[in-house]
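Reading the structure
Here are the chains, one letter per residue:
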Amino acid sequence: EIGEYMEGCAMMSERLVIRSNNDDHVLFRVFRVIYPKNASGDRPYYNHHHPELEISCIQQGSGVFTCEGKDYPFRAGDVFLHCGNDAHYFHRIAPEMQLVMLVFQFEQRQIWALGGEWFEPAYLQLFSGGGSIGHYVPREAPEAQAICQLLQESFDDCREQKPAYQMLVKAKLLAMLSNLVRFFHEDLPEPPELPSFRHRHQIERSMQFILKHLDSEFSLDDLAREAQMSRSYYSSSFRKLNGVSVWEYITSMRIERAQQMLETSEKSILEISGSCGYNNISNFNRAFRRVTGKTPREYRKDCQQANSTRME
């Protein structure tokens, strides 16, 4: 999926998406973000957040980046990482040069669903350290340089789509995570007490159930039963593995489906609302705006304008 649309005041160009062959949900997003020249200077707070994990590198520009209330001065070559639902935005953009960055977003499930020797708890420690883990790797660090190169290669792989490019992108994600573990190794918290491999598999099965039934109503009891766990253990294990609650995950997946339908179909917003599990259009509009910062109508209009501009 290659698209272009506005988010805040930034132009997201060549949004490259790898989807699951099993249920068509998004496994990875890799994209370049280009801020217009008139975006420089101090900028108001922008409540940008998402449940996916994110690794990004600054390709051009400088300024101040704010994540979870902490300011990080940045320059080209710096790397940032964000946990699920971290609020992050550019607080200040220097006027000397247009801001450009590469972004890699992925579900936390891409870490813990790895089996056998491929699973490394330290990868999860990166995103569960609270204040002990920073969000910033300076460009002078060899790890930042390696991550920037891997991000560019992943972007190019997704754009060219040569045979086995999906496997190469996943391998490069593991390499990026390994470089982050190397950089932050002294600050990593104690390894979390994770569910067993069997329980992780059962939670993953419940997530596949969610993705297949996004248009249906189901309860926490239904999901716990699907995972063959008690309600409380299922809830706590789900959050421990995914960094968000069950309902936050369900909402994000429903809105992701709605975005895809708004971009690719002529269905009415009411029809899309029902297809994504919302029987009440007001609830759908409210959830969509909370996740994307726009109403469904605004989102579709922006997509149409971007498509029209690209075709000119």
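See the structure printed just above.
Remember, predicted model here, so these are calculated numbers, not experimental data.

Rules of the game
- Residues numbered from 1 in each chain as written.
- Predicted model: local features only at pLDDT ≥ 70, side-chain atom pairs only at ≥ 80, totals over all residues.
- Heavy atoms only, no water.
- Phe/Tyr/Trp six-rings, centres within 6.5 Å; stacked < 30°, edge-to-face > 60°.
- Helix = DSSP H or I, 4+ residues; strand = E, 2+ residues; numbered from the N terminus.
- Buried < 20%, exposed > 50% of the residue type's maximum accessible area, 1.4 Å probe, protein only.
- Lys NZ or Arg CZ within 6 Å of the ring centre and 35° of its normal.
- Contact = heavy atoms within 4.5 Å.
- Pairing = 2+ DSSP bridges.
- Expected span 1.5 Å × (residues − 1).
- Arc of directions from axis to C-beta.
- Polar contact = N/O pair within 3.5 Å; in protein donor to acceptor, adjacent residues only side chain to side chain.

So, on to the packing of aromatic side chains. Tallying each qualifying case throughout the model produces 18 aromatic pairs. Arranged with centres 4.7 Å apart and planes meeting at 40°, the rings of Phe 65 and Phe 80 form a pair that is tilted. Separated by 15 residues along the polypeptide, Phe 65 in strand 6 (residues 63–67) and Phe 80 in strand 8 (residues 79–82) bring together distant segments of the chain. Per residue, the accessibility class of Phe 65 equals that of Phe 80, and both read buried. Ring plane angle 40° and centroid distance 6.0 Å describe the contact between Tyr 72 and Tyr 136, whose orientation is recorded as tilted. With Tyr 72 in strand 7 (residues 70–74) and Tyr 136 in strand 11 (residues 136–137), this residue pair connects regions lying 64 residues apart in the sequence. Taken together through their ring pairs, the aromatic side chains of Tyr 35, Phe 65, Tyr 72, Phe 74, Phe 80, Phe 90 and Tyr 136 make up a single cluster. Between Arg 254 and the ring centre of Tyr 278, over which it is positioned, the NZ or CZ distance is 5.9 Å.

Okay, the side chain of Ser 273 next. Turning to its location among the elements, Ser 273 is positioned in helix 9 (residues 269–275). Excluding residues that lie within four positions of it along the chain, Ser 273 makes contacts with Tyr 278, Asn 280, Ile 281 and Phe 284.

Let us look at the sheet that holds strand 9 (residues 88–93). Pairing between sheet strands relies on hydrogen bonds along the backbone, with the strands arranged either parallel or antiparallel. Strands sit in the order 4-9-6-7 across an open sheet of four strands; the sheet is antiparallel. Of all strands in the sheet, those bounded by a partner on one side alone are strand 4 (41–42) and strand 7.

In this section: the pairing of strand 7. Two elements, strand 6 and strand 7, share five bridges in a ladder whose sense is antiparallel. Residue pairing in the sheet places Thr 66 in a bridge with Asp 71 of strand 7. In this antiparallel pair of consecutive strands, strand 6 and strand 7, the connection spans two residues, and Glu 68 shows a positive phi of 50°.

Spanning 12 residues, helix 10 (residues 281–292) covers 16 Å between terminal C-alpha atoms, matching the ideal 16 Å at 1.5 Å per step. Within helix 10, the full set of buried residues consists of Phe 284, Ala 287, Phe 288 and Thr 292. Looking down the long axis of helix 10, one finds its buried residues gathered within 110° of arc, a one-sided arrangement. The outward face of helix 10, more than 90 degrees from its buried face, is lined by the exposed residues Arg 286 and Arg 290. One side-chain oxygen at the N-terminal end of helix 10 lies 2.8 Å from the backbone nitrogen of Ser 282; it belongs to Asn 280. Just past helix 10, the residue Gly 293 takes up positive phi, approximately 85°.

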